[in-house]
Structure formats: C-alpha cells, structure tokens
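The primary structure of each chain is shown beneath.
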Amino acid sequence: MINVTRLFDFPYYQLEKYNLDTSLVTKYDGKWTPISTKDYLDKANAVSRALLRMGVQKDDKIAIISSTNRTEWNIMDIGILQVGAQNVPIYPTISAEDYEYVLNHSGSIYCFVSDAEVFEKVNKVKANTQIKEVYSFNHIDGCKHYSELFELGKDHDNQNEVEARKEAVKPNDLATIIYTSGTTGKPKGVMLSHDNITSNVLSAVKRLPLSQGNPKILSFLPICHIFERVLIYIYQYAGVSIYYAESIDKIGDNAKEIKPNLMSVVPRLLEKVYDKIYAKGSELTGIKSKLFHWAIALGEEWEPYGKNGAWYEFKLSIVNKLIFSKWREALGGELTTMVSGSAALQPRLTRLFCAAGMQVMEGYGLTETSPVVSVGMYRDHHFKVGTVGKPIAGVEVKIADDGELLIKGPNVMLGYYKDPEKTASVMTGNYFHTGDKGEIDADGFLKITGRKKEMFKTSGGKYVIPTLLENDLKQSRFIEQIMVIGEGEKMPAAIIQPNFEFLNDWIDKKGKAIGKSGTEIVNSQEVIARIQQEVDTCNKKFGKWEQIKRFELTPDVWSIEAGHLTPTMKMKREIIKGIYQDLYDKIYRS
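Because the structure is predicted, anything quoted here is derived from the model rather than measured.

How each quantity is defined
Residues numbered from 1 in each chain as written. Predicted model: local features only at pLDDT ≥ 70, side-chain atom pairs only at ≥ 80, totals over all residues. Heavy atoms only, no water. Helix = DSSP H or I, 4+ residues; strand = E, 2+ residues; numbered from the N terminus. Rg over C-alpha atoms; globule rule 2.2 N^0.38 Å. Buried < 20%, exposed > 50% of the residue type's maximum accessible area, 1.4 Å probe, protein only. Contact = heavy atoms within 4.5 Å. Areas by Shrake-Rupley, 256 points an atom, 1.4 Å probe, with all protein chains shown as cover. Lys, Arg positive; Asp, Glu negative; His and termini not counted. Charge placed at Lys NZ, Arg CZ, Asp CG, Glu CD. Phe/Tyr/Trp six-rings, centres within 6.5 Å; stacked < 30°, edge-to-face > 60°. Axes fitted to C-alpha atoms, helices over the stretch in contact; angles between N-to-C directions. Parallel < 35°, antiparallel > 145°, perpendicular 65-115°, else oblique. Left-handed = near helix turned anticlockwise from the far one by under 90°. Nonpolar A, V, L, I, M, F, W, Y, C, P; charged D, E, K, R; others polar. Pairing = 2+ DSSP bridges. Expected span 1.5 Å × (residues − 1). Bend = angle between axes of the 7 residues up to and from the residue. Polar contact = N/O pair within 3.5 Å; in protein donor to acceptor, adjacent residues only side chain to side chain. Salt bridge = Lys/Arg side-chain N within 4 Å of Asp/Glu carboxyl O.

From N to C terminus, the protein includes 21 helices and 27 strands. Taken against the 2.2 N^0.38 rule, which gives 25 Å for 590 residues, the C-alpha radius of gyration of the protein at 25 Å falls within 12% of a compact globule. The principal-axis extent of the C-alpha atoms belonging to the protein is close to 75 × 55 × 50 Å. A total of 590 residues make up the protein; the buried ones form 57% of that total. Long-range contacts, defined here as pairs at least 24 residues apart, represent 66% of the contacts in the protein between residues at least 6 apart. If you sum the accessible surface of the protein, you get close to 24,700 Å²; carbon and sulfur atoms cover 50% of it. Treating the 75 positive side-chain charges of the protein as one cloud and the 74 negative ones as another, the clouds have centres 4 Å apart.

Let us look at the packing of aromatic side chains. Considering all chains together, one arrives at 21 aromatic pairs under this definition. Pairing W311 with F314 gives two aromatic rings, centres 5.6 Å apart and planes at 25°, and the pair type is stacked. With W311 and F314 both in helix 13 (residues 310-330) and 3 residues apart, the pair spans about one turn of that helix. On the accessibility criterion, F314 (45% relative accessible area) is partly exposed.

For the bond running from S370 to P371, omega is -10°, close enough to zero to count as cis. With respect to the element layout, P371 can be found in the loop between strand 14 (359-365) and strand 15 (372-375). Here D380, not a glycine, exhibits a phi torsion of approximately 60°, which is positive. Along the polypeptide, D380 turns up in the loop between strand 15 and strand 16 (390-391). On the basis of relative accessibility, which here comes to 55%, the residue D380 falls in the exposed class.

Where helix 16 (residues 466-473) meets helix 19 (residues 525-539), the axes come as close as 10 Å, and the angle between the chain directions of the two elements is 125°. By the angle class used here, helix 16 and helix 19 are oblique. With respect to the hand of their crossing, helix 16 and helix 19 are arranged in right-handed fashion. The segment helix 16 lies against helix 19, with L469, D472 and L473 engaging E534, V535 and C538. When its residues are assigned to classes, the contact of helix 16 with helix 19 shows 4 nonpolar, no polar and 2 charged.

Taking strand neighbours across the sheet as the criterion, the 9 strands line up as 2-1-11-10-12-13-14-15-16 in an open arrangement whose pairing is mixed. Looking at the sheet topology across the chains shown, the edges are occupied by strand 2 (31-35) and strand 16.

Let us now look at helix 13. End to end, helix 13 covers 28 Å across 21 residues, agreeing with the expected 30 Å (1.5 Å per residue, within 8%). When the local axis directions of helix 13 are compared, the greatest deviation, roughly 55°, occurs at N320. Turning to helix 13, its buried residues are Y312, L316, V319, N320, I323, F324, S325 and W327. Residues of helix 13 that are buried sit in contact with helix 11 (267-282), helix 12 (286-300) and helix 14 (347-355). Trailing helix 13 by a residue or two, G332 shows a phi angle of about 100°, which is positive.

Along the polypeptide, S241 turns up in strand 11 (residues 241-244). Residue S241 is classed as buried on the basis of its relative accessible area of 3%. From its side chain, S241 meets the backbone oxygen of T22 in a polar contact 2.7 Å long.

A regular strand places its side chains on the two faces of the sheet in alternate fashion. Judged from the 3 bridges that link them, strand 14 and strand 15 form a sheet pairing that is antiparallel. Bridge pairing in strand 15 places Y364 opposite S374. Examined bridge by bridge, strand 15 and strand 16 share 2 bridges and lie antiparallel to one another. If you follow S374 over to strand 16, its bridge partner there is P391.

Looking now at the sheet that holds strand 25 (residues 479-485). The 3 strands lie next to each other as 25-26-27, forming an open sheet whose pairing is mixed. Only two strands of the sheet have a single neighbouring strand rather than two, namely strand 25 and strand 27 (550-553). When strand polarity is set aside, the average angle formed by the axes of neighbouring strands in this sheet is 25°. Judged from the 4 bridges that link them, strand 26 (residues 493-498) and strand 27 form a sheet pairing that is parallel. Note on strand 27: the bridge partner recorded for I495 is E552. Where helix 21 (residues 581-588) meets the sheet, it contacts strand 25, strand 26 and strand 27, and its direction lies at approximately 155° from that of strand 27.

All right, on to the pattern of salt bridges then. Summed over the entire model, instances satisfying the criterion amount to 22 salt bridges. When the shortest N-O distance is used, the salt bridge between E246 and K250 registers 3.8 Å. Note on E246: relative accessible area 26%, which makes it partly exposed. Linking R573 and E470 is a salt bridge whose minimum nitrogen-to-oxygen distance equals 2.8 Å. Of this pair, R573 sits in helix 20 (residues 573-579) while E470 sits in helix 16, and the two are 103 residues apart along the sequence.

Quick look at the structure:
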C-alpha cells in the first residue's frame, strides 16, 4: 500500500485502496457529473506533462482562483504539486488590488480562474504581475480554456520526467503558500510543506466517522482555505465521494439531491439554518406550535452520552419523530455529522443540532497549524459541549503564563513567505504562538476563551474580553453582527448590525408602523428599545466593568465584499471601527 507522505500521494492511495467510480462530483448545466479516481489522476498527469512543456520548474508558483469548489481545482492541485511546483490558492472575493499583491508577492507565473468575474479582476492587474498566461475553467471569450493543457499533455512521451519530478519531491518541501486574509494589514503568506499537511490529515482522519458504507460529502466552504482543503484530502484518503455544492445559497437544495452523510460548516451557517427553522416554527399555531417549542426547550438541555437519563431520552425520541426529523429532511435526511471550524460556535446550537441527530463536532486550528490542532469526536467520549475537543495525535498544546495557546508539532508551518522577522515573532523554539487564549480542563478538553490581541483595557484599568460578550449577544435573533469596543475608553460599548431579515418579519407580525429600509429600522425607537432588552439580558451575566453601557446600530449589512469581514467571516475590527467612526464618536465624544 502506498505510504502517503506528500499531498499528491492521496489520490494514488485512493486508486490503490478504493478505485472509486465517483471520486469527485461537480454540477454542470444542472447535472451532477462524477469523475472516477482513475480519470482524476489521468487528467492530473496530463496537466503535469503540459506544465513541463510550458517550462514550469521546481518551486515555480501557480495561482488558482475559484469562486466555487469544483473538480478542476483538485486536478490542477495534483498536476501542479507532482512537478515540484507550488499551488497558491487565492480567495475569489478579495479586491483586484489584493490579487495584484498576492500574485506579485508569491511570484506566480500562471493563473487559473473559474469564471468571467474572477478573470476580469485578474485581467485588470495582470500587466503589473509576472503572470505569463491566464486559463479559465469556464469557457470565457478572450481567455484560454484550461482543457488546452490536456491537449498539450496528451502525448505521454515526457511522463518519465513527471515521475522523476514526483520522486524528487520530499515531505519537507514547500507544497503551498496560503495567504491569510488577516483582520489587519496586508495578507501574510503561510508556507506549508507536504509533511505539514499530510501529517495533519493522517492524524485528523481518525476523528471523523467516515468508515460506514460509502459515505457522501457535500463540500461548500472555500477550498482555498486550509480547513476545507485538508478535509478534501481526508475524504480522498478515506475513499469518500466528494460532491461540490453549486453555491452557499444552494446548500439546502444540493443536500436534498445527494443526501450527504457529513459536511463541514462554519458557525454563521448553522446560525442562519437555525434562524430559518425558528422563523418557520414561529408561524405554527395550536398544538403544532407547542410541540415545536417543546422540542427547542428539550434540545437546549441536551447532553451527550445519555447523561440526562432515560426519561429525557424518551421525550427526545418523541420530538425526534415529530419535529427534528423535518430538520434532518431539510438537509437530505442522512446527515449525521457536521464539523464546525473557523470561529466559536454557540453551545446552544451544538446542543440543538446534536439533539436533532446531527452531531456537531467543533474543531480548532489556524492556517499556520495546517490547520487542525484539536477536534471533537463522539466516539470514545472525545466530545464535550463548549469545547473544541482534544488535541489530535502528534500535536502538543501548551498554555503560556498569560493564557495564550502555544502549539508544537509536525503541522506547524515552515514560516511566513519572505518575512523571517514576522516568522520569528510568532515562534518560541518549536512552539507557535497562536494569539488565542484558552484552557485545558481536567479531562483534557481544549476550550478557546478569546483572542489575546482582542482583549482590551478600559481607561479605568479593567480588562474586557469582547468575544465573550459578542458570542453571547449573537445568540439573539435580533442581532446579526456585533463588535464590542472601548479600548482606552471609560466604558465598553458596541456597534451592532441588526438582523434585518428577522426584524422585517418581527415588524410585520407585531403590526408596527416602521419602514423596512435599513436606515428606517435602525432609527426606530421601538427597534432600539427591543435590542436594548437583549443587551440588558446579556449584561446580567457579566461584571459591571465589562457590561455594554451604550450601543449604536448600523443601517447596512456587514459583508466580505464591503470589507467588514474576512473571507472566513471574521470581523476586521480596525476597518469596521474606521467605517463607523461617526458612530464611535457619537458613543464616546458626544
């Protein structure tokens, strides 16, 4: 059996062990189109042969920018890596200026794009970069189609050169540079070796329930992000069929079509799914309404491993048949596990989805740690609500004196590309400084308590951890986004983006005479008073010095495109503060 030590070994391992007819599946023109493991590798080898004929050398950089996950991404990934070049994935949603920065900083010489929109952004800056040619996965006027590489690589005459290049790639060689979106400043290029990622895959795969039958995966989180990319390698290693969702908006439809057993999620998605479920449940009347709210109340009390006792489990079995079965049907009916990463998940949502028979296993990691540090697993009592599980094999977690998490293991990055000073600033010996604060409980479970940098001190000298307040208030259906502020100021306050979709329904149901535009909603005294109730409820759980004394509402939606959020939906705090400087001044200067 193939010994997997480099990223391109994964599909070869799959071919030898599983030889799937349905390895990767993408929807084209309304039809799910699978390719087998053999086709996948045949195409990847044709790409490799073509790249050699295009003059690609060892350690050359090739960029891939795709708006959605798709089969072509994997073919290019393997085709690039096995000739000793590096794959530089780029977030599709960043600006053309950021494209230019990443393409130049990485020194990419070719760029593969998914569609006309991305092509247009690349074309704007191409002349200012070293890019020799742009190829597209979609057929676009004025752009070469990536199938030209299959034609160029059709002749097998130089396959022996491909094999020699593969042989020359060592586990510790650089595999990819991933530019972290960052909440401040220019993106940093995280250098990850083949061993960084393969070691992480081989340890993390043991935590996922992937062995039953022939599981199906629905993938929609950006593959350019290390979280989803590592999961894709895990799925390939486990012999799982990977279906790529058409878009984030079509997850529900796609799930009903393919009936996945597992998918990865981010907390924001689960929040939106729950909000939709709750909105529908709120429309029920009579006995149906009572049953729905009984199910929610029961779900919020859920504990793993039957800890609530037989009577609770009996009641749960009733609501599972009557209510929760409908939740599962909305996601295909066969979804048993969701892996959640990227940000903290509300424990309440963990309990609700687990009670509904869709276990949510929360994990923790960073791009710099390839990424998995820890992840929950229901098997063997490796799961506890409110934690991110236990560290995976080979990864050591140490808590510094100031509470910061330090990570050591084969998954820790090679460093930041072209930035040895920045690399040195985050390393102490072999330990990587995460910037996150956390604790490990008596049972070995890791809990993340906040960001070291995001903790601030008020002018009164009191420390405030904004994420604790933010995570609590984001459980409110009235609040979509919230940023707690107050560094160096006399008191904590908050800038809040209301949940406009929910508020529109609330206005209709209450028969309020309030306009529906963002500006009308945030200026409504009734809306302000209602959100004040949510803030007051939250404040009771915190000390007086950390309670939110004032807040202001924003009339627009915070988004990746407008610059409020990173591509992984984290807040860009300094940018948000700058955008709403007038609201900040109103709170503290008026």
